[in-house]
Each structure stands twice: as structure tokens, then as C-alpha cells.
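Coordinates in review
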Amino acid sequence: MEKTTPKLILLFSGKRKSGKDYVTHLIQKRLGPDACCILRLSAPLKLQYAQENGLDYKQLLGSGQYKERYRADMIAWGELRRKSDPGFFCRLVLMGATQPIWIVSDIRRLSDLQWFRMEYPTQSRSVRVEASDQTRKERGWEFTPGVDDAESECGLDTGVTFDWTIRNDEDGPPLDEQLNELLAVALEKVAVGDTRDSHSK
Ligand SMILES: Nc1ncnc2c1ncn2[C@@H]1O[C@H](COP(=O)(O)OP(=O)(O)OP(=O)(O)O)[C@@H](O)[C@H]1O
Ligand SMILES: C[C@@](O)(CCOP(=O)(O)O)CC(=O)O
């Protein structure tokens, strides 16, 4: 499958129930599906894990409790693959991405971030979604030893400078306000791309 070159890659990370999916879908709503696609590193992992274990892939992709039952085992399963090939899920998830803006909604490890920054140094921007533990609990999060104190949840807690940090709490600034600058950068990338394409036509 032909590899397209994006104009911008937004690499999202954040704790469980911080709102990564919610915020990335909001951005896609603002930019439109022709301009941006949402890529989830966990999707190819969950697909293969579901097939190997006879589980419901759609429920593993959902935001309910079903996936939490298998999270620890999926983490271990995924880390085994990353150990031998850190870019395994990154390469898989890009297949077929043709829009100018890629949103990767679930960056969890330094190796994921480093892979994109190596492969796409000028296009990659990192975004952190934050929410208080109280807010996360209201959204169904419960601290789980072996998950919330493991690399999957803590791998980006230190040593990373994010291009944007989005506070996704009720008492935080409105999301639209916080996303203003990021959306302006994205729209400018798409606009520049359009004029360049039209010149090249
Ligand atoms: N700003 C918000 N307003 C209303 N509901 C929200 C908001 N942010 C998140 N939610 C809801 O909280 C729940 C968790 O959000 P989401 O699934 O986006 O978190 P996540 O960071 O992707 O979690 P996980 O890592 O477990 O997939 C969802 O039901 C979502 O609809
Ligand atoms: C196994 C894993 O991909 C599950 C992620 O599920 P979700 O993005 O929280 O819905 C987390 C990980 O890869 O460490």
C-alpha cells in the first residue's frame, strides 16, 4: 500500500479516562474527515488479540469495562511485540492513512513518540490530555495496580516536553478555547497544502 506523507501528525497521550478519544474526535469534527484521520495504536493490537483469544474486538475498542478485564494481558502482549520491533504498531496503523493530518490518539510509550519523531521529524507534534483523578473517577476510572503504575500509563510522565497540554476537566477552560492554536496550525498546514497542490496541478 502506497505510503503518503502527512503535513501534520498530532501525537496524543494521556492517562486512562483523561479524554484522548473525546478530544481527538472533537478535533476531527472541527477539521473534517477529509482533512484528518484518527489512528489508534491499540486498534491493530486489539484486533489480533481479539482474534487470538476469541474476544469481541468492537468492545475492546469501546470505552466500557469489557476492555479493562483484558488490559493487563493486552499490555503484556503488546510489549512483547514492541520489544522485538518498537515500530511494529506504528507502521501497522499508518497503512491506508491518506489525509494530510494524522491524529494518533493513544501514544503511551517513549518508543512510540521517538518512532514518529524519527520518521516524521518536521510533521510530529505532541499533545497531552490531562484530567484530575476525581474527573477520571467520575468517568469510570479506578486505580488498577500493574496498569496505572506501569509503562502503559506512566511511560510519558517525565522527560517529555509537549507542544500542547489540554486540560479536560469541567473546571478547566473550554476545550474549544484550548484547541484554538492547535486547530490554527492544522488549518494552516491544510491550506498551504491545498495551494501547493493547486500550483502543482
Ligand atoms: N470533556 C468531556 N465532556 C464530556 N464527556 C467527556 C469529556 N471527556 C471525556 N468524556 C467522556 O469520558 C469517557 C472517557 O473519555 P475517553 O474515552 O475519551 O478517555 P480516554 O483517555 O480515551 O480513555 P482510555 O485510555 O481508557 O481509552 C468517555 O465516556 C467520554 O465520552
Ligand atoms: C493494550 C493497550 O493498547 C490498551 C489500550 O486501550 P485504550 O486505548 O485505553 O482503549 C494499552 C497499551 O498498549 O499499553
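What you see is a predicted model, and the numbers here were worked out from it, not measured in a lab. (Residues numbered from 1 in each chain as written. Chains lettered and ligands numbered in written order. Predicted model: local features only at pLDDT ≥ 70, side-chain atom pairs only at ≥ 80, totals over all residues. Heavy atoms only, no water.)

1. Brief notes about the site of ligand 1
Definition in use: What makes a residue near a molecule or strand is one non-hydrogen atom of that residue sitting within 4 Å of it. Counting of polar contacts relies on pairs of N or O atoms within 3.5 Å, with two restrictions inside protein: one atom must be capable of donating a hydrogen and the other of accepting it, and residues adjacent in sequence are counted only when both atoms are side-chain atoms. A cavity here means a set of 1 Å grid points, computed over protein atoms only, where a 1.4 Å probe fits but cannot escape. A pocket is an open set with protein on both sides within 12 Å along at least 5 of 7 lines, and lining residues have an atom within 4 Å of a point. By definition, a pocket or cavity contains a molecule when more than half of the molecule's atoms lie within 2 Å of the pocket's grid points. In this text, helices come from DSSP runs of H or I with a minimum length of four residues, and strands from runs of E with a minimum of two, each type numbered from the N-terminal end.
Surveying the vicinity of ligand 1 reveals 14 residues, the closest of which are Lys-17, Gly-19, Lys-20, Tyr-22 and Asn-168. In this structure, an oxygen atom belonging to ligand 1 sits 2.7 Å away from a side-chain N or O atom of Lys-20. At a separation of 2.8 Å, a nitrogen atom of ligand 1 approaches a polar side-chain atom of Asn-168. For ligand 1, the cavity whose grid points lie within 2 Å of the majority of its atoms is the largest pocket. Broken down by secondary-structure element, the contributors of at least two residues to the shell around ligand 1 are helix H1 (20-31) and helix H4 (66-84). Broken down by element, the shell around ligand 1 gets its largest block of residues, three residues, from H1.

2. Thoughts on the layout of surface pockets
What counts, and what does not: Grid points are joined across faces, edges and corners, and a volume is the space filled by probe spheres set on the points.
Here the largest pocket defines a volume of roughly 620 Å³. Lining the largest pocket are 27 residues, with Lys-20, Asp-21, Lys-67, Arg-71 and Arg-108 sitting closest to its centre. Sorting the residues of the lining of the largest pocket by element identifies H1, helix H2 (42-53) and H4 as the ones contributing at least two each. Among the elements that take part in the lining of the largest pocket, H4 stands out by supplying eight residues, more than any other.

3. Observations regarding the sheet that holds strand E2 (residues 36-39)
The pairing of strands in a sheet happens through backbone hydrogen bonds and is either parallel or antiparallel. This is how the line gets drawn: Whether two strands pair depends on DSSP finding at least two bridges between them. Each axis is a line fitted through C-alpha atoms, and for a helix only the stretch in contact is used; angles between axes span 0 to 180 degrees, taken between their N-to-C directions. Residues count as neighbours in contact if any of their non-hydrogen atoms are within 4.5 Å of one another.
If you trace the five strands from one edge of the open sheet to the other, you get E2-E3-E1-E4-E5, paired in parallel fashion. The sheet is open, and its two edges are formed by E2 and strand E5 (164-167), each paired on a single side. Pairs of neighbouring strands in the sheet enclose a mean axial angle of 20 degrees, with direction left out of account. In terms of strand pairing, strand E1 (residues 8-14) meets strand E4 (residues 124-130) through six bridges, oriented parallel. Paired with Leu-11 across the strands is Ser-126, a residue of E4. This element, H1, spans E1, E2, strand E3 (101-104) and E4 of the sheet and lies at about 165 degrees to E2.

4. Here we look at the site of ligand 2
Test applied: Classification convention: Asp, Glu, Lys, Arg as charged; Ala, Val, Leu, Ile, Met, Phe, Trp, Tyr, Cys, Pro as nonpolar; all other residues, Gly among them, as polar.
Around ligand 2, a shell composed of Arg-40, Ser-42, Leu-45, Lys-46, Lys-67, Arg-71, Met-74, Ile-75, Arg-82, Arg-108, Arg-109 and Ser-152 is seen. Interatomic distance of 2.8 Å between a side-chain N/O atom of Arg-71 and an oxygen atom of ligand 2. Within the contact set of ligand 2, an oxygen atom lies 2.8 Å away from a side-chain nitrogen or oxygen of Arg-108. If you map ligand 2 onto the pockets, it falls in the largest pocket. Those elements giving two or more residues to the shell around ligand 2 turn out to be H2 and H4. The biggest single contributor to the shell around ligand 2 is H4, with five residues. For the shell around ligand 2, the residue count by class is three nonpolar, two polar and seven charged.

5. Comments concerning the side chain of Asp-169
As for its position among the elements, Asp-169 is in the loop between E5 and helix H9 (175-200). Apart from residues lying up to four places away in sequence, Asp-169 is in contact with Glu-130, Ala-131, Ser-132 and Thr-135.

6. Thoughts on the packing of H2 against H4
We apply this condition: Roughly parallel here means an angle under 35 degrees, roughly antiparallel means over 145, roughly perpendicular means 65 to 115, and every remaining angle is called oblique.
Where H2 contacts H4, the two axes come as close as 10 Å, and the packing angle between them is 110 degrees. In terms of axis orientation, H2 runs roughly perpendicular to H4. Between H2 and H4, the residues in contact are Leu-45, Lys-46, Gln-48, Tyr-49 and Glu-52 and Lys-67, Tyr-70, Asp-73, Met-74, Trp-77, Gly-78, Arg-81 and Arg-82, respectively. Here the contact of H2 with H4 is composed, by residue class, of five nonpolar, two polar and six charged.

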